[in-house]
Structures are given as structure tokens and as C-alpha cells.
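Working through the structure, step by step
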Amino acid sequence: MQLNIALLPGDGVGPEVIAEGVKVLRRVEQLTDAPFNLETELVGGIAIDEVGNPLPAAALDLARRSHAVLFGAVGGPKWDDPLAPHRPEDAILGLRKALGLFANLRPVKVFPSLINSSSIKPSVLEGVDILVIRELTGGLYFAKPKKRWQTSRGRRGVDTLRYTEGEIVRALRVGFELARRRRGKLTSVDKANVLESSRLWREIAIELGKEYPDVELEHMLVDSCAMALVRTPSRFDVLVAENMFGDILTDEAAILAGSLGMLPSASLAGIPREAGRRGRPALGLYEPIHGSAPDIAGQGKANPIATILSVAFMLRYSLGLSDAGAAVEQAVERVLEQGYRTQDIAEEGAGSVLSTTEMGQRIVDAIEV
Ligand code: IPM
Ligand code: MG
């Protein structure tokens, strides 16, 4: 069966890192005989420039008829005008919403060979292996009202943090199910000392917890979670959080892994199934958690590893090719162990610093299925 993959490179370093993800896919295709059909569409700032819309119908249609989407990054100073009618970010937000991808998985793992590249002490990083599940289609990002307006007493702006019971249940369920497959511990993040939506979130977590007696459930306020993530990160297994809480905590957690350039993500419409049954792939969107990094775009400095690890996630969760996914992850590990680095994870005087394409090629060459 032919597997259709949508490529949405976007802006800044997006096209550079997606090109490396494509090389990995082509290598897996060769090694496994799984035919991939890759199609590309414009999204983000470049789509605003070319067709006046950050998420053109062609891109959304392509995503809808694909088995998986590989997304780069969107945005840049050129499109930052707060009064502009369109924003590049609407591309990714619109895709997540339109495809119903409410569960965003962001693993934070410290590769032993990178333990010295983090700004956090190695002793703190020992054994860090966290999976953050960020609720992705509700909460502060999407609920209405959401607007700015003029009043006689000055300008006002509003965003709304609203959740339905159904939205909370399905996000938490992904957390419980995945905690069960890992070390059996779930941290539910909220701000229940202040926010009503968080009190509801906590109440539902406690109720749902009764269905998962084998999972140890704890609740943590988001501010103290932010602190614990850098003080004692190895205490965490699975974290589950509201959309914006998850956004902020995962940029912070990326520092544990050495760089934002290391963190992949999968956005799914349900509980992930390893090796989705053959013939019935489950649509997912895969993207590095880093942004378009306009300051280094076009210079071959971007780290392609977050994208390549996102491809590994895609192979596993959408394309039913778990073994190939594991092979890609092992290839990344091997190349790092050999001392190869991109500039964001290079320690002064150690290892050799590669460009984006050189790092991609090293990893491709290290894949053994
Ligand atoms: C992320 C990004 C996006 C988000 C932006 C680009 C809209 O920061 O995926 O974490 O806030 O969700
Ligand atoms: Mg973010």
C-alpha cells in the first residue's frame, strides 16, 4: 500500500530541516520497500506572500488526504506586524484544529552523549526521560471570545481559557494510557489554586484516575512544575497539561535535552497505537518543536535532529513501521556517540561541527533496518 505523506516546510529553517527528513524517508523507503508518495505545499509566511493565506486550501486538502504530515516551521520578522490580517502561525494552529489533533506528544530524553551540552548540571540530567502530553486544540489558544477592541477608556484584549469535560477527558486519557506503557506515573499540570478550568481539570483527573489504579497520579501547579523541571527532572515520567502550559513547559524542558533543535513532536487525534494496523494508518502531524529560527535560516546551521526524530515518530505512529522508526532513532544516537554535532549542541573544542545537510547525511548513512 502506498503511503501518502504531506510535506509542509514553511518558513525560515523549515525547508532546510524538512529536506533532511525527506532524505531519511527515502532511505527507509529503499530499505523497507514501503512506497512513499511525497507531496509538498506552501504554508506560513511564504504562503501569505504567494497566495495571501497562511493555510491555503491546497495545503489543507493535501494534509486531509495524506496518512501523515511532516511540518517544518512558520513565521519570521517579515510577517510580525500585529495589525496584519493574516499570521503565519495560523497555518499550524489551523491544521491542528481542522485535523482534530488534540494530543501533542513531546518526549524529552537526554542522550547520554549530550549530557554536557545542556546548561543544566549533568548530575541533574541523569536518567531524564519525560513524555509531555500537551492538549493541542482547546484552552487558551482557541476558546472564544478572542479579540481586541477599542473602548472609550482605552484598548482591550481578551483570550479565553475554556475547556469542555470531553476535551479534558480525552487529553487526560492519553496521559493515563501512555503512563501505563511507561513507568506508570502521571503528573497532571494545572493552576487549580486560581483557575476554574484547572479545578475542573483536576476534578476530572481524579475521577479518571479510578479507572487506572496501576498509574500513580499526582497533581502539580504549573509554576511549581516549571521549577521542578529544572531542579529534579528525573522525577517525572508522563506530564499532561493544558495547551499553553504545555507550550511553555516544553520549551523549558528542551534545555534538558541540550537544545530546542533536539525535540520532536507528534500531534495525534487519539491514543497512539504502535505499529498502527497495516492498511489502516492513523493520520498524524509531525514537527520539530523549534520555530523557524530566522536568525540562522539559509546558513546550514539548523539542527535537523528534531525533524528526523519526528520522522521516526511518524514511521511508528502513522505508517505502521515501528522497526524503521527505532532504526532511525538508533542512527541518531550512533551519530551523536561518534561525536558529530550541529552548532547548537557543540561543546567548545570537542567533536566535529556539521552543517544541516552533513548531519542529515551522517544519520541517513547510519540507518540500518
Ligand atoms: C509550538 C509553537 C507554536 C505554538 C506556535 C508557532 C504557534 O510555539 O508548536 O510550540 O505555540 O503552539
Ligand atoms: Mg512553542
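Up top you'll find the structure we're talking about.
Description of the structure in this document. (Residues numbered from 1 in each chain as written. Chains lettered and ligands numbered in written order. Predicted model: local features only at pLDDT ≥ 70, side-chain atom pairs only at ≥ 80, totals over all residues. Heavy atoms only, no water.)

**What about the overall build of the protein?**
Counting its regular elements, the protein contains twelve helices and 14 strands. Here the protein has a C-alpha radius of gyration of 20 Å; the compact-globule value for 369 residues is 21 Å, and the two agree. For the C-alpha atoms alone, the extent of the protein along its principal axes is close to 55 × 50 × 45 Å. Within the protein, the fraction of its 369 residues that count as buried is 54%. Within the protein, contacts between residues at least 6 apart in sequence are counted, and of these 75% link residues at least 24 apart. Within the structure as shown, the protein displays about 15700 Å² of accessible surface, and the carbon and sulfur contribution to it stands at 51%. (Helix = DSSP H or I, 4+ residues; strand = E, 2+ residues; numbered from the N terminus. Rg over C-alpha atoms; globule rule 2.2 N^0.38 Å. Buried < 20%, exposed > 50% of the residue type's maximum accessible area, 1.4 Å probe, protein only. Contact = heavy atoms within 4.5 Å. Areas by Shrake-Rupley, 256 points an atom, 1.4 Å probe, with all protein chains shown as cover.)

**As for the pairing of strand β6 (residues 147-151)**
Relative to strand β7 (residues 154-158), β6 is paired through five bridges, and the arrangement is antiparallel. Opposite R148, over in β7, you have G157 as the bridge partner. (Pairing = 2+ DSSP bridges.)

**Describing the site of ligand 1**
Around ligand 1 sit E89, R96, R106, R134, Y141 and D247, and that is every residue in its neighbourhood. Within the contact set of ligand 1, an oxygen atom lies 2.7 Å away from a side-chain nitrogen or oxygen of R96. The side chain of Y141 places a nitrogen or oxygen atom 2.5 Å from an oxygen atom of ligand 1. Across the shell around ligand 1, the residue classes tally to one nonpolar, no polar and five charged. (Near = heavy atom within 4 Å. Polar contact = N/O pair within 3.5 Å; in protein donor to acceptor, adjacent residues only side chain to side chain. Nonpolar A, V, L, I, M, F, W, Y, C, P; charged D, E, K, R; others polar.)

**Observations regarding the packing of aromatic side chains**
All told, the structure shown has three aromatic pairs when counted by the stated rule. Both rings, one in F313 and one in Y317, keep their centres 5.2 Å apart while their planes meet at 45°; by these two values the pair is tilted. Within this pair, F313 and its partner Y317 are both found in helix α10 (residues 305-317), separated by four residues, close to a single helical turn. Taken as a pair, F313 and Y317 share a single burial class, namely buried. Here the basic side chain of R134 rests over the ring of Y141, its NZ or CZ set 5.1 Å away from the ring centre. Sitting over the ring of W149, K147 keeps its end group 4.8 Å from the ring centre. (Phe/Tyr/Trp six-rings, centres within 6.5 Å; stacked < 30°, edge-to-face > 60°. Lys NZ or Arg CZ within 6 Å of the ring centre and 35° of its normal.)

**Some remarks on the sheet that holds strand β3 (residues 68-73)**
With mixed pairing, ten strands are arranged side by side in an open sheet as β2-β1-β3-β12-β11-β4-β5-β10-β8-β9. Because the sheet does not close on itself, it has two edges, and the strands there are β2 (36-40) and β9 (216-221). Taking the axes of each pair of neighbouring strands and ignoring which way they run, one obtains an average angle of 20° across the sheet. In terms of strand pairing, strand β4 (residues 103-109) meets strand β5 (residues 129-135) through seven bridges, oriented antiparallel. Looking at the pairing, L105 lines up with I133 of β5. (Axes fitted to C-alpha atoms, helices over the stretch in contact; angles between N-to-C directions.)

**Overview of the layout of surface pockets**
Empty space within the largest pocket amounts to approximately 920 Å³. If you go around the largest pocket, you meet 31 residues; those closest to its centre are E89, D90, I92, L93 and Y141. Among the secondary structure elements, those contributing two or more residues to the lining of the largest pocket are β3, α4 (89-98), α9 (243-254) and β12 (284-288). Across the lining of the largest pocket, the residue classes break down as 16 nonpolar, four polar and eleven charged. In this model, the second largest pocket occupies a volume close to 620 Å³. Elements that contribute at least two residues to the lining of the second largest pocket include exactly β4, β5, α6 (165-181), α10 and α11 (322-337). By residue class, the composition of the lining of the second largest pocket is 15 nonpolar, one polar and eight charged. (1 Å grid on protein atoms, 1.4 Å probe; cavity = no way out; pocket = protein on both sides within 12 Å on 5 of 7 lines; lining within 4 Å. Points joined across faces, edges and corners; volume = space filled by probe spheres on them.)

**Here we look at empty space enclosed by the protein**
A complete count under the given rule lists one cavity of 30 Å³ or more for this structure. Taken as a whole, the largest cavity holds about 50 Å³ of empty space. Every residue along the wall of the largest cavity is listed here: L161, Y163, V189, D190, L195, S197, S198, W201, E242 and F245. Contributions of two or more residues to the lining of the largest cavity are made by β8 (185-190) and α7 (196-209). With three residues, the single largest contributor to the lining of the largest cavity is α7.

**Some remarks on the pattern of salt bridges**
Applying the stated rule across the entire model yields 20 salt bridges. The partner of E29 in a salt bridge is R26, with the nearest N and O atoms 2.8 Å apart. With E29 and R26 both in helix α1 (residues 14-32), this residue pair falls three residues apart, about one helical turn. Two residues, D49 and K78, come together in a salt bridge whose shortest N-O distance is 2.5 Å. In this pair, D49 is assigned in helix α2 (residues 45-51) and K78 in the loop between β3 and α4, connecting sequence segments 29 residues apart. The exposure class of D49 is partly exposed, given its relative accessible area of 41%. The network of salt bridges with shared partners includes D129, R182, R183 and D237. (Salt bridge = Lys/Arg side-chain N within 4 Å of Asp/Glu carboxyl O.)

**A word on the nonpolar core**
With 93 residues, the main nonpolar core has F36, L105 and L315 as its most contacted residues. In terms of residues, this core owes the most to one element, α10, which gives nine residues. The residues contacting L105, other than those within four sequence positions of it, are L131, V132, I133, V174, L178, P264, S265, A266, L268, P272, F313 and Y317. Counting 17 residues, the second-largest nonpolar core is a separate cluster that includes L55, A59, L62 and L99. (Core = buried A, V, L, I, M, F, W, Y, C linked by side-chain atoms within 4.5 Å.)

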